[in-house]
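# Structural overview
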Amino acid sequence: MTDTGRQLRALYFTRFASSFGFVTLLTLLPKFINQLGAEGFVLGLFATGLTFAQAVGIVPISWAGDRYDKRTVLLGGLGLAVFVYLGFALVETSWQFIAVRAVQGISMTAAGLIALALVGDLARESERGTTIGTSNAWRFAAAIGGTFSAGALYDLFGFEAVFALLMVIAASAFVVVWLWVEPDDTRVHGFPFTDLALNRRILTMTSFRAQYAVAVTLVRTWVPIYAGLAAARGGLGFEAATAVSVIIAAEKFTNMLGQPYMGGLSDRFGRARFVFIGGLFYGTVAVVVPFTPAIGEALALPAAFPFLGTLSAAFLPLVALNALLGVADSIREPASMALFADEGKGKGVASSFGVRDLVWRPGSVLAPLAGGWLTSNVGIGWVFFLGGAFAFTGVFAFLGILSYSHGRDALAAW
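To start, this report covers the structure provided alongside it. Nothing here was measured: the structure is a model prediction, and the numbers come from that model.

### Quick word on the overall build of the chain
When helices and strands are tallied, the chain shows 15 helices and two strands. The buried share of the chain, reckoned over its 414 residues, is 55%. Restricting the contact set of the chain to residue pairs at least 6 apart, pairs at least 24 apart contribute 83%. Surface exposure of the chain reaches about 17200 Å², of which carbon and sulfur atoms provide 68%. Here the chain contributes 27 positive and 24 negative side-chain charges, whose respective centroids are spaced 5 Å apart.

So, in structure tokens, the structure goes:
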């Protein structure tokens, strides 16, 4: 038998391993597209194959995690990940890549969702926001590391070295979970998804989350597109890939630093108000993004930088705003996750997080379609205005339903 602290550290590393593999593959996706010659519908499946498999896997994996031993399900996901990375090293056709990518989606859902459920289960109620925030910080650390290291490893050693590293990391996570995480003896019979999906508090939270998914998907996806898109098409036209990496990493870095601290504050002062403030802040920052060129010119900021060359005066404002988006998400995310864990404790924590994940899917799938249409037909700035609008409607719908259904003091009481 091991102590709770050691179990949590093993789960933190598991979340790091899962995120590192995802971000590394995402970074190398263009290389696979070029090498395998994917086009049209097949090219679209390179991205949606993973997302679709994740969506399909949520319900059965969550049910299995609540009905049986979560540790066993987690070990299954990590073991599957080892073979997935071996599979990527062996693919020779686009359809083989899509098939392996779909299996990756299943392994990621099993590893990510069940690890998060175990973290929520092991955390004390009074420290749940802090514990979940710390877990998320490890995930963002992996995102930063994966973003910067994937290209360098590929350039120096090729695909084989990258996948060998990913196999080692996944296998290491398997070993630490096997050695340090205790079997989970919580058993939830029946189908907890049904009860949790109709839980009044969860319904209140999903009223926000369904809309907020559109906001985050649009903004997070389009910030790097805005940075790298040709100026003739409304973007900033940054040609240096490293410049785009810096912009992306700024959001991950502030999110990583802020989550444990903000999670701790939500434990002390109530979770609902942090969801509201974080969402409101995110929407406010999002609508300012298209004005970065004007901000840079008004402040007479430099347009050329060491190692990056000539970019534009909008570069530093865009880095700063994306960093602020990370701060906004760090305010919201641990509090939101802790609320779902609070409701699922003893009733099905994995299913509670599964409901949370499912609610996110429609917005995350449909938002890029709207963003693409706006970019081509109206202007890229309107993508950020739409993202900000959905953040605002989400937080005010949350506030309205919270006050109407749970009392005027619910924002402070939750």
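### Some details on a nonpolar patch on the surface
Among the surface-exposed residues, Val 175, Trp 178, Leu 179 and Trp 180 lie close enough to one another that they form a single nonpolar patch of about 410 Å² accessible area. With respect to the element layout, Leu 179 can be found in helix H6 (residues 159-180). Given a relative accessible area of 52%, Leu 179 falls into the exposed group.

### Looking at the side chain of Arg 101
Within the secondary structure, Arg 101 sits in helix H4 (residues 94-122). Despite its burial, Arg 101 remains without a salt bridge, the nearest opposite charge being carried by Asp 357 at 15 Å.

### Details of the packing of helix H3 (residues 70-90) against H6
Interaxial distance between H3 and H6 falls to 9 Å at its minimum, and their mutual angle equals 165°. Between H3 and H6, the interaxial angle falls into the category roughly antiparallel. When the axes of H3 and H6 are compared, the crossing they make is left-handed. Side by side, H3 and H6 meet where Arg 71, Leu 74, Leu 75, Leu 78, Gly 79, Ala 81, Val 82, Tyr 85, Leu 86, Phe 88 and Ala 89 of the first sit next to Phe 163, Leu 166, Met 167, Ala 170, Ala 171, Ala 173, Phe 174, Val 177 and Trp 178 of the second. A class-by-class count of the residues in the contact of H3 with H6 yields 18 nonpolar, one polar and one charged.

### Quick notes on the nonpolar core
With 122 residues, the main nonpolar core has Phe 32, Phe 46, Leu 74, Tyr 85, Phe 315 and Phe 353 as its most contacted residues. Those residues in contact with Tyr 85 that sit more than four places away from it in its chain are Gly 21, Phe 22, Leu 25, Gln 104, Phe 163, Leu 166, Met 167 and Ala 170.

### A short note on helix H9 (residues 241-269)
For H9, which comprises 29 residues, the first-to-last C-alpha distance of 41 Å matches the rise-based estimate of 42 Å (1.5 Å per residue) to within 8%. Residue Gln 259 marks the point of greatest curvature in H9, where the axis turns by about 40°; the proline Pro 260 follows within four residues. Looking one or two residues beyond H9, the residue adopting positive phi is Gly 270, at roughly 105°.

### Some words on the pattern of salt bridges
Per the stated rule, a full pass over the model turns up 14 salt bridges. For the salt bridge of Glu 333 with Arg 139, the shortest nitrogen-to-oxygen distance reads 3.2 Å. On the criterion of sequence distance, the pair formed by Glu 333 in helix H12 (residues 315-344) and Arg 139 in helix H5 (residues 128-157) is long-range, its members being 194 residues apart. The salt bridge involving Arg 201 is made with Glu 343; its shortest N-O contact spans 2.7 Å. In this pair, Arg 201 is assigned in helix H8 (residues 200-228) and Glu 343 in helix H12, connecting sequence segments 142 residues apart.

### Examining the packing of aromatic side chains
Counting across every chain of the model gives 22 aromatic pairs. Taking the centre distance of 5.6 Å and the plane angle of 85° together, the rings of Trp 63 and Tyr 68 count as edge-to-face. Given the relative accessible area of 30%, Trp 63 is considered partly exposed. Their ring planes at 90° and their centres at 5.2 Å tell us that Trp 382 and Phe 385 sit as a pair that is edge-to-face. A residue pair is termed a helical-turn pair when its members lie 3 or 4 positions apart in one helix, as Trp 382 and Phe 385 do in helix H14 (residues 381-406) at three residues. Among the aromatic residues, ring-to-ring pairing joins Phe 32, Phe 88, Phe 97, Tyr 154, Phe 159 and Phe 163 into one connected group. Here the guanidinium or amino end of Arg 6 rests over the ring plane of Trp 180, the centre of that ring lying 5.0 Å away. The ring of Phe 140 has Arg 139 lying over it, and the distance from NZ or CZ to the ring centre is 4.7 Å.

### With respect to the environment of Ile 331
With respect to the element layout, Ile 331 can be found in helix H12. Sequence separation of Ile 331 and Thr 147 is 184 residues, and the distance between their C-alpha atoms is 23 Å. For Ile 331, the residues in contact, after removing those within four places along its chain, are Met 262, Phe 274, Ile 277, Gly 278 and Phe 281.

### Some words on unusual backbone geometry
With a phi close to 55°, Ala 300 is a non-glycine residue in the positive phi region. Assignment of secondary structure puts Ala 300 in the loop between helix H11 (292-298) and strand S1 (304-305). Judged by its relative accessible area of 65%, Ala 300 is exposed.

Rules used in this analysis
Residues numbered from 1 in each chain as written. Predicted model: local features only at pLDDT ≥ 70, side-chain atom pairs only at ≥ 80, totals over all residues. Heavy atoms only, no water. Helix = DSSP H or I, 4+ residues; strand = E, 2+ residues; numbered from the N terminus. Buried < 20%, exposed > 50% of the residue type's maximum accessible area, 1.4 Å probe, protein only. Contact = heavy atoms within 4.5 Å. Areas by Shrake-Rupley, 256 points an atom, 1.4 Å probe, with all protein chains shown as cover. Lys, Arg positive; Asp, Glu negative; His and termini not counted. Charge placed at Lys NZ, Arg CZ, Asp CG, Glu CD. Patch = residues over 30% accessible without salt bridge, like charges linked within 9 Å, V, L, I, M, F, W, Y side chains within 5 Å. Salt bridge = Lys/Arg side-chain N within 4 Å of Asp/Glu carboxyl O. Axes fitted to C-alpha atoms, helices over the stretch in contact; angles between N-to-C directions. Parallel < 35°, antiparallel > 145°, perpendicular 65-115°, else oblique. Left-handed = near helix turned anticlockwise from the far one by under 90°. Nonpolar A, V, L, I, M, F, W, Y, C, P; charged D, E, K, R; others polar. Core = buried A, V, L, I, M, F, W, Y, C linked by side-chain atoms within 4.5 Å. Expected span 1.5 Å × (residues − 1). Bend = angle between axes of the 7 residues up to and from the residue. Phe/Tyr/Trp six-rings, centres within 6.5 Å; stacked < 30°, edge-to-face > 60°. Lys NZ or Arg CZ within 6 Å of the ring centre and 35° of its normal.

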